[in-house]
Amino acid sequence: MTTSTRPTPTQTEAASPHLVQRLGLFSSTAIVVGSMIGSGIFIVPAEISRGVGSPALLIGAWLVTAVMTIIGALSYGELAAMMPSAGGQYVYLREALGPMWGFLFGWTLFLVIQTGTIAAVAVAFGKFLGVFFPVISSSHWLWHFGHVPAIKLGPMVLGNMDLGVNTANLTGIIIVLVLTGINILGVRLGALVQNVFTTAKTAALLGLVILGFTFGRNPAAIAANFGHNFWQGASWHALHPVQVGVGGPIAMVGLLAVLAVVQTGSLFSADAWNNVTFTAGEIKNPKRNLPLSLVLGTVIVISLFVAANFVYLLVLPLHGDPHGATVAARGIQYAAEDRVATAVLQQIFQNGGAFLMAGAILISTFGCANGLILAGARVYYAMSRDGLFFKSTSKLHPRYKTPVAALVIQAVWTCFLCLTGSYSQLLDYIICTELIFYILTIACLFVLRRRRPDAERPYRAVGYPVLPAIYIGMAAWICVVLLRYKPQFTWPGLLIVLLGIPVFAIWSGRGQAVAD
C-alpha cells in the first residue's frame, strides 16, 4: 500500500502550531487524578471480594494494580518527555512500531475505550442523581424502542439490552453535551472544571478514608477481617472457584490465577491514568510536567484506593449474607447494588450516609467525564493530521484553539452508546485489549532505546529495563489467564481491534483523510 501522500510524523507535528500550551503541572496532574477516580473504587470491591473471599487477597488485588499502574506511569514518563506531542500514546506506538499500531490504538479508543467509558461514567452520574431525584432512573422510560434478546456465542453472551431513552441515560447524554460544550470553549475552561471537580472528589475520597479510620472502626468487622482471619484463603495452596465464560464450568485456580481474574475490576477502576499524554500539545514545559504529573497523579490515586479498601475492611465484614437485613449483615461481598462505599457511610451515619456518598460520586463522575472528554479528542485530532481519521477533526477552532470536530464526533458516538446501553458490555470486552496496548507501549521503550539511542530524553524511566519488563510480564500473565478463564472479557475485544486492520488499509491506502 502507498502512504507517500500522507504527511510524515515530523511534518505532522510541525503542522500543528496552533495548540496553545495552557496547562500547568496542577492541571495536568488533575487530569491524571480526575480521569482515574470515577465510580469504580466505590463499587468494584464488592465484586472482587466475591471472587477472592479473603481480606488479604482483596488488598492484594489492589496492590497488584498499584504496582502495575505506578510502573506504567514511570515508564510512560520517558516516552511522554521524549515525544511531548498531542495524541500521546498514539504517537508513541506510531513512532516505535509503525502507523498501523498507532491507528489500532486510536480506533479502539474511539470505538470502545474512551467513548464507552465516558458513556458509562455519564450514565452512572444519572443513576446516582436519582438518589436525590427518584424520577431519574434507568427503569423510567421516555421512549422504549425495544429489547435486544440475549445471544449466546460459545462462552459469551451478546445483546440482552434495552434500546431507548430513559431518564438516567438522558441525564448522561446531557452531561456529555454540556461538558463537550465547555471543552469546545477552550482548554483553559475545561481545565478549570477539571481542577475544581478533581480537588473536590479527591477531598471526598480522602474524607471517606479519614472518617473510616477515625469514626468508622467496627469491632465486629475488625475481628472478622483482621488477625488470623485476614490471611484466610490466601495461602499458596488454597484453590478458588472461577466460572469459565458465561454459564460455563467451575474451575479451581490458585492464588496467582485468581488475582489475575479479579484485575478486570481493579485495573479498570484505576485506568485512564495515561489520558494526560493525549493533551501533551497543550501542557506547559511538557518535558518536565508530563512525567511528573503521571507519577504524582498515579501515586496519589493508588494510595487513596488502597487506603479506601482498608477502610471498607475496618467498617464492614468481608463475608456477608445476600439477604441480610442490615448493611453489616450483607458485608462487603453483598453490599446493596455493590455500593460498598455507600454501605460504609450508612454504617457510620445511618440514613444520611446514602446521600453523602451519592453526592461524592456525583462530583467524582462529573469530573471524570470531563477529563475523559478533554483528553480523548486530542487523539483523534492527532490521527486526523496523519490522514487516519475524519479530515475535519484535524481543524482547530479559530478562536478557542480546541479540536471542535473531534470533540463533537466523540460526543455523538458516546451519546449513541448511551442510547443503546451497549457501553457496559463493550467495557467488559476491553480490559485485556487495553493491557495489550499497554504492553506494546512499554515495549516501545526498548525499541526506541535501541533505534534512537541519542534522542533527547529529559527523563529516563526509573528501574529500566527491570521495572518495564516486570510490567510486561505481569500484564501478559493477566491476559493469558483472562483468555483461559474469562473468554467473554477477551475475545470480543480482540475482534474489535482486528476489525481495525482493514479499516487502516482502506484509510492509509487512499493516502488522505476520509472526508467527514
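Residues numbered from 1 in each chain as written. Predicted model: local features only at pLDDT ≥ 70, side-chain atom pairs only at ≥ 80, totals over all residues. Heavy atoms only, no water.

> Hey, could you go over the side chain of Thr279 for me, with residue numbers and the actual values?
Here Thr279 lies in the loop between α11 (263-269) and α12 (286-315). Relative accessible area serves as the criterion here: at 0%, Thr279 is assigned to the buried category. Leave out the neighbours within four places in its chain, and Thr279 touches Leu23, Ile31, Leu374, Ala375 and Arg378. (Helix = DSSP H or I, 4+ residues; strand = E, 2+ residues; numbered from the N terminus. Buried < 20%, exposed > 50% of the residue type's maximum accessible area, 1.4 Å probe, protein only. Contact = heavy atoms within 4.5 Å.)

> Go over the pattern of salt bridges, please, and point to the residues and values.
Side chains that carry opposite charge are capable of pairing whenever their charged atoms lie near each other. Counting across every chain of the model gives nine salt bridges. Taking the shortest distance from any N to any O, the salt bridge between Arg457 and Glu78 comes out at 3.1 Å. Of this pair, Arg457 sits in the loop between α18 (431-451) and α19 (466-485) while Glu78 sits in helix α4 (residues 55-82), placing them 379 residues apart in sequence. For the pair Arg457 and Glu78, a shared accessibility class is recorded, and that class is buried. Arg94 serves as the salt-bridge partner of Glu95, at 3.1 Å between the closest nitrogen and oxygen. The pair Glu95 / Arg94 is uniform in exposure class, with both members buried. Shared partners join several salt bridges into a network, and the residues in it are Arg94, Glu95, Asp386 and Arg452. (Salt bridge = Lys/Arg side-chain N within 4 Å of Asp/Glu carboxyl O.)

> Any details on the side chain of Asp386? Residues and values, ideally.
Mapping Asp386 onto the fold places it in the loop between α15 (353-385) and α16 (404-420). What makes Asp386 buried here is its relative accessible area of 2%. Among the polar contacts listed, one links the side chain of Asp386 to the side chain of Tyr90, at a separation of 2.6 Å. (Polar contact = N/O pair within 3.5 Å; in protein donor to acceptor, adjacent residues only side chain to side chain.)

> An account of the state of the cysteines is needed here, citing residue identities and associated values.
Evaluated as defined, the whole model comprises zero disulfides. With no disulfide of its own, Cys415 has Cys418 as its nearest cysteine by sulfur position, at a separation of 5.8 Å. (Disulfide = S-S within 2.5 Å.)

> Explain the packing of helix α2 (residues 25-36) against α15 to me, and be specific about the residues and the numbers.
At their nearest, the axes of α2 and α15 sit 7 Å apart, and the two run at 120° to each other. By the criterion of interaxial angle, the relationship of α2 to α15 is oblique. When you trace α2 past α15, the crossing you get is left-handed. Here α2 contributes Ile31, Gly34 and Ser35 to the contact with α15, which in turn contributes Gly367, Cys368, Gly371, Leu372 and Leu374. Class assignment of the residues belonging to the contact of α2 with α15 gives a composition of four nonpolar, four polar and no charged. (Axes fitted to C-alpha atoms, helices over the stretch in contact; angles between N-to-C directions. Parallel < 35°, antiparallel > 145°, perpendicular 65-115°, else oblique. Left-handed = near helix turned anticlockwise from the far one by under 90°. Nonpolar A, V, L, I, M, F, W, Y, C, P; charged D, E, K, R; others polar.)

> Can you lay out helix α6 (residues 99-129) for me, pointing to particular residues and giving the numbers?
Since the α-helix advances by 3.6 residues per turn, residues separated by three or four positions end up pointing in the same direction. In this model, α6 (31 residues) spans 42 Å end to end at C-alpha, consistent with the 45 Å of a helix rising 1.5 Å per residue. Along α6, the sharpest kink reaches roughly 60°, centred on Leu109. Within α6, 25 of the 31 residues are buried, leaving the element largely enclosed by the surrounding structure. (Expected span 1.5 Å × (residues − 1). Bend = angle between axes of the 7 residues up to and from the residue.)

> Outline the nonpolar core, supporting the account with residue identities and numerical values.
Among the nonpolar cores identified, the biggest contains 159 residues, and Phe42, Tyr312, Val344 and Leu435 are the most heavily contacted of them. Ranked by the residues each element gives to this core, the list is headed by α15, at 17 residues. Excluding its chain neighbours within four sequence positions, the residues that come into contact with Val344 are Leu208, Val311, Tyr312, Val315 and Leu316. (Core = buried A, V, L, I, M, F, W, Y, C linked by side-chain atoms within 4.5 Å.)

> Tell me about the environment of Glu282, and name the residues and values.
With respect to the helices, strands and loops of the structure, Glu282 is situated in the loop between α11 and α12. Relative accessible area serves as the criterion here: at 1%, Glu282 is assigned to the buried category. Sequence-distant contacts of Glu282, defined by excluding residues within four places in its chain, comprise Leu19, Val20, Gln21, Arg22, Leu23, Val187, Arg378 and Lys401.

> Please set out the packing of α18 against α19 residue by residue, giving values where relevant.
Between two packed helices, what matters for the description is the angle formed by their axes and the separation of those axes. Where α18 contacts α19, the axes come no closer than 9 Å and their chain directions differ by 155°. Judged by the angle between their axes, α18 and α19 are roughly antiparallel. Relative to α19, the crossing made by α18 is left-handed. Contacts between α18 and α19 pair Ile431, Cys432, Leu435, Ile436, Tyr438, Ile439, Ile442, Ala443, Leu445 and Phe446 from the former with Pro468, Ala469, Tyr471, Ile472, Ala475, Ala476, Ile478, Cys479 and Leu482 from the latter. Along the lines of polarity and charge, the residues of the contact of α18 with α19 split into 19 nonpolar, no polar and no charged.

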